[in-house]
Amino acid sequence: MTDPVAPPEGLEDEDDLRFQRRLWRVQRVAWVVGGLVVMAALLGGTGRGLLSRGRATEPSGLLRVEYDRFPRREAPTTIRVGVAAGVGHQGRVVVYFDRRYFDGVDLDEVTPQPLAVEAAADRLSFVLGVPDPSDSTTFLFRFSPARVGPQAVRIGLSPPSAPPAERGASTGSTAPVDRAPAAELRFTQFIYP
Amino acid sequence: MDTVVRAAVMYAVLLTLFRVAGRRTLGEISTFDFALVLVISEAVQQAMVGSDFSITNALLIVLTLITLDVVLAYAKRRFQTLDRVVDGVPLVLVERGRPLRERMRAARVDEDDVLAAARLGQGLERMEQIRYAVLERDGKISVIPQRDHMDDPADAPSEAAR
């Protein structure tokens, strides 16, 4: 295959077939690699797709999240937080995120809009309304990742503090048997540049 | 996933559009054609990039388009029908000094275009000096001069051009 080929006679410029063959081989390999990358991307290996679809459910089933395993920097990504039926206290639930998560991402939007956002040392809590506690609800958190690389996420449900207006007035005895348990989920996202 | 799909859709749409528009459309790029290409690329870019301005997205779009091009080139070699559909077939426009007007009209080429190609490529002056003029698959016009005209001492300029 690598037979030495004499340069064509009469041509001022000599060709280099051996070099050309090596170049062709490199090209072939590059095409195959490129094709594989495109295939992987089609499957979601670089974001949005089968491989990128992440799901997690808390063992008790009260909290479940759907997220992108491979979001991209500066591209919107959504974490869907589902809360089971019956969870909530006086028409509200509190979903919290690990505060460190917000070092790596910008929060663009929460749908529906939270009633309040409370900051604590280690977490950011979103007080969200659940008009019908007998039904499960999903909240959408839209982020734009700002950092690249693996990013740990911790999402949980925490028992809501009594709404400010009622604080101290009634001591919860009048409320129906609401459940406001604590539940937490952890997962990791990998953010592409 | 949607990055690859978006890029592939735009590739297919553009390929179809340019094929349907005809080969002379951008065969010889004029300044206006060049401006048109810029505007088209600007419009297409929105559809392909969407709201994702990441490096990954950009690289993936480029990689998808190039991969599709390589695959199409391979498929064209493999399947002749596809080759003809995508790249078209050569079309004879002038036969032994006689312009085939119907074909020229259909291909949106006029005699001036053929004469210009004859002057540029062969240094010919008149239609009857052309043996064959062919609209090639890439949109260029190739000209083969009449044999006898080379022996004609009156055609000194074309001799010099050779």
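Located above this text is the structure these notes cover.
Residues numbered from 1 in each chain as written. Chains lettered and ligands numbered in written order. Predicted model: local features only at pLDDT ≥ 70, side-chain atom pairs only at ≥ 80, totals over all residues. Heavy atoms only, no water.

Draft legend 1. Structural context of the pattern of salt bridges. Considering all chains together, one arrives at 21 salt bridges over all chains under this definition. Via salt bridges that share partners, Asp-98, Arg-100, Asp-122, Arg-123, Arg-154, Glu-184 and Arg-186 of chain A belong to a single interconnected network. (Salt bridge = Lys/Arg side-chain N within 4 Å of Asp/Glu carboxyl O.)

Draft legend 2. Quick look at the sheet that holds strand 1 (residues 91-95) of chain B. All names here are of chain B. Pairing is antiparallel across the open sheet formed by four strands, whose spatial order is 2-1-3-4. Looking at which strands have only one partner, the edges of the open sheet turn out to be strand 2 (98-99) and strand 4 (141-145). Bridge analysis of strand 1 against strand 3 (residues 130-135) gives four bridges, and the strand direction is antiparallel. Bridging from a neighbouring strand, Leu-91 pairs with Leu-135 of strand 3. (Pairing = 2+ DSSP bridges. Helix = DSSP H or I, 4+ residues; strand = E, 2+ residues; numbered from the N terminus.)

Draft legend 3. A look at the side chain of Thr-56 of chain B. Mapped onto the elements, Thr-56 of chain B comes out in helix 4 (residues 55-78). Given a relative accessible area of 9%, Thr-56 of chain B falls into the buried group. Not counting residues up to four positions away in its chain, the partners in contact with Thr-56 of chain B are Thr-46, Arg-72, Tyr-192 and Pro-193 of chain A. (Buried < 20%, exposed > 50% of the residue type's maximum accessible area, 1.4 Å probe, protein only. Contact = heavy atoms within 4.5 Å.)

Draft legend 4. Structural context of a negative patch on the surface. Among the surface-exposed residues, Glu-12, Asp-13, Glu-14, Asp-15 and Asp-16 of chain A lie close enough to one another that they form a single negatively charged patch. You can see Asp-13 of chain A is positioned in the segment before helix 1 (17-43). (Patch = residues over 30% accessible without salt bridge, like charges linked within 9 Å, V, L, I, M, F, W, Y side chains within 5 Å. Areas by Shrake-Rupley, 256 points an atom, 1.4 Å probe, with all protein chains shown as cover. Lys, Arg positive; Asp, Glu negative; His and termini not counted. Charge placed at Lys NZ, Arg CZ, Asp CG, Glu CD.)

Draft legend 5. Region of interest: the packing of aromatic side chains. All names here are of chain A. As enumerated under the stated definition, the model contains 13 aromatic pairs over all chains in all. Taken together, a centroid distance of 6.0 Å and an interplanar angle of 20° make the contact between Phe-97 and Tyr-101 stacked. By relative accessible area, Phe-97 is classed as buried at 0%. A relative accessible area of 1% places Tyr-101 in the buried class. An aromatic cluster of three or more residues is present, and its members are Phe-97, Tyr-101, Phe-102, Phe-126, Phe-141 and Phe-143. Positioned above the aromatic ring of Tyr-96, the side-chain terminus of Arg-123 is 3.7 Å from the ring centre. (Phe/Tyr/Trp six-rings, centres within 6.5 Å; stacked < 30°, edge-to-face > 60°. Lys NZ or Arg CZ within 6 Å of the ring centre and 35° of its normal.)

Draft legend 6. Region of interest: the packing of helix 1 of chain A against helix 4 of chain B. Interaxial distance between helix 1 of chain A and helix 4 of chain B falls to 9 Å at its minimum, and their mutual angle equals 120°. Regarding the angle of helix 1 of chain A to helix 4 of chain B, the classification is oblique. Pair helix 1 of chain A / helix 4 of chain B crosses with left-handed handedness. Only Leu-60, Leu-63, Thr-64, Thr-67 and Val-70 of chain B of helix 4 of chain B make contact with helix 1 of chain A, whose side of the interface consists of Trp-31, Gly-34, Gly-35, Val-37, Val-38 and Ala-41 of chain A. Per-class residue counts for the contact of helix 1 of chain A with helix 4 of chain B are seven nonpolar, four polar and no charged. (Axes fitted to C-alpha atoms, helices over the stretch in contact; angles between N-to-C directions. Parallel < 35°, antiparallel > 145°, perpendicular 65-115°, else oblique. Left-handed = near helix turned anticlockwise from the far one by under 90°. Nonpolar A, V, L, I, M, F, W, Y, C, P; charged D, E, K, R; others polar.)

Draft legend 7. Main features of helix 4 of chain B. For helix 4 of chain B, with 24 residues, the first-to-last C-alpha span of 34 Å sits near the 34 Å given by 1.5 Å per residue. Residues of helix 4 of chain B that are buried: Thr-56, Asn-57, Leu-60, Ile-61, Thr-64, Thr-67, Leu-72, Ala-75 and Lys-76 of chain B. The secondary structure elements touched by the buried residues of helix 4 of chain B are helix 1 of chain A together with helix 1 (2-21), helix 3 (31-49) and helix 5 (80-87) of chain B. (Expected span 1.5 Å × (residues − 1).)

Draft legend 8. Here's a closer look at the sheet that holds strand 4 (residues 92-98) of chain A. All names here are of chain A. Reading across the sheet, the five strands line up as 6-7-4-9-10 and stay open at both edges, with antiparallel pairing between neighbours. Of all the strands in the sheet, just strand 6 (116-119) and strand 10 (183-191) have a single pairing partner and so form its edges. This sheet shows a mean twist of 25° between the axes of neighbouring strands, independent of strand direction. Across four bridges, the pairing between strand 6 and strand 7 (residues 123-129) is antiparallel. Pairing of Glu-118 across the sheet is with Ser-125, part of strand 7.

Draft legend 9. Seen up close, the interface of chain B and chain A. The interface is formed by 17 residues belonging to chain B together with 18 residues belonging to chain A. Taken together, the two surfaces of chain B and chain A that pack against each other cover about 1400 Å², and 64% of this comes from carbon and sulfur. Along the contact surface separating chain B from chain A lie three salt bridges. Linking Asp-52 of chain B and Arg-48 of chain A is a salt bridge whose minimum nitrogen-to-oxygen distance equals 3.7 Å. Counting the contacts that link chain B with chain A gives nine residue pairs in polar contact (both at pLDDT 80 or more). At the level of secondary structure, the elements contributing two or more residues to the side of chain B that touches chain A comprise helix 1 and helix 4 of chain B. Looking at the side of chain B that touches chain A, the element that brings in the most residues is helix 4 of chain B, giving eight residues. Across the side of chain B that touches chain A, the residue classes tally to eight nonpolar, seven polar and two charged. (Buried area = accessible area lost by both parts, 1.4 Å probe. Polar contact = N/O pair within 3.5 Å; in protein donor to acceptor, adjacent residues only side chain to side chain.)

Draft legend 10. Local environment of helix 1 of chain A. The terminal C-alpha atoms of helix 1 of chain A lie 39 Å apart, and with 27 residues this matches the ideal 39 Å at 1.5 Å per residue to within 8%. Those residues of helix 1 of chain A that fall on the buried side of the exposure criterion are Gly-34, Gly-35, Val-38 and Ala-41 of chain A. Of the surrounding secondary structure, the elements contacted by the buried residues of helix 1 of chain A are helix 1 and helix 4 of chain B. The positive-phi residue at the C-terminal boundary of helix 1 of chain A is Gly-44 of chain A, with phi of around 105°.

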